[in-house]
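# A closer look at the structure
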Amino acid sequence: MRWLLMLLVVLNLLLYLHYLNRKVPIAGEVAESHVSPLERNIQLVSEVESLAVRRPKQDVGSACLFLGGFDEEAIALAVEQRLLSLDIDSRVESVDEAAGVDYWVYLPPLISRQASLRQLRELQSRNIDSYVITVGDLTNGISLGIFSRKDSAESVVSRLKGVDYTALIRDLPRVHRRYWVRVAGTRQHLLSDSLLGELARDFPALEHQQMPCSGIATSG
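All figures in this text were calculated on a predicted structure; none of them were measured in a lab. (Residues numbered from 1 in each chain as written. Predicted model: local features only at pLDDT ≥ 70, side-chain atom pairs only at ≥ 80, totals over all residues. Heavy atoms only, no water.)

### Some thoughts on the sheet that holds strand 6 (residues 207–212)
Condition: Two strands pair under a simple rule: DSSP has to find at least two bridges between them. In this description a helix means any DSSP run of H or I spanning at least four residues, a strand means any run of E spanning at least two, and both kinds are numbered starting from the N terminus. Contact criterion: two residues are considered in contact whenever any of their non-hydrogen atoms come within 4.5 Å of each other. Interaxial angle, 0 to 180 degrees, is taken between N-to-C directions of lines fitted to C-alpha atoms, where a helix line uses only the stretch in contact.
The strand order 3-4-2-5-1-6 describes an open sheet built from six strands, whose pairing is antiparallel. Looking at strand neighbours, the two that pair on one side only are strand 3 (131–132) and strand 6, the edges of this open sheet. Bridge analysis of strand 2 (residues 90–107) against strand 4 (residues 142–147) gives five bridges, and the strand direction is antiparallel. In the sheet register, Tyr103 faces strand 4, and the bridge partner there is Phe147. Its contacts with the sheet place helix 7 (residues 150–161) against strand 2, strand 4 and strand 5 (168–183), and it is angled at close to 30° to strand 2.

### Let's talk about the pattern of salt bridges
Note the following rule: Salt-bridge detection follows one rule: a side-chain nitrogen of Lys or Arg within 4 Å of a carboxyl oxygen of Asp or Glu. Only protein chains enter the accessibility calculation, which uses a 1.4 Å probe. A residue is then buried if its area is under 20% of the maximum for its type, exposed if over 50%, and partly exposed in between.
Across all of its chains, the model carries nine salt bridges by this definition. The salt bridge partner of Glu93 is Arg182, with a shortest N-O separation of 3.4 Å. Highlighted residues: Glu93 in strand 2 and Arg182 in strand 5, separated in sequence by 89 residues. Between Arg149 and Asp151 there is a salt bridge whose closest N-O contact spans 2.6 Å. What makes Arg149 exposed here is its relative accessible area of 51%.

Printed below as a string of structure tokens:
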């Protein structure tokens, strides 16, 4: 009986030491140990909403409607007045569009105006159409004509070369000015399909393009 009692005491002592040496879990670790990998990927609704607030939004009214482009400013002004009478904010803008290239044949500037005049008289004595250039970087040079075709300009250069004149060719970009009526994006809802149809009937050359309000660069 005495040995049995001592055995029970030893067993109780060992059991006590076992529980004493166990690691006491930290509160945060207990919470994490019970969270599954799927639950770790779940975002709170408030977190998702906060990200949505930070996402940049597209500007409202950043696009404009352009009606045109007319060769005559008076027609664009008539369209503008029609729209203004309907309380549709609009304004006329002009733009220079590339319309090809001209070719300028000339002789380089000489040292003085007197020298240029002497050269001009020599050319005119040979029945070569020419005049003295008085402005720009070619001042005191001799202009021999502006041509719409490059082969015509090259023909003049060849003819002058035959009489000992070295002529040059400069490209001159041609521009064509057109007029557009810009309607701000905030007023476009007033431009119904029926109204656009009426404008197209009254102004046959009318085109319409939707683009950023800075899409057409106004000429100076």
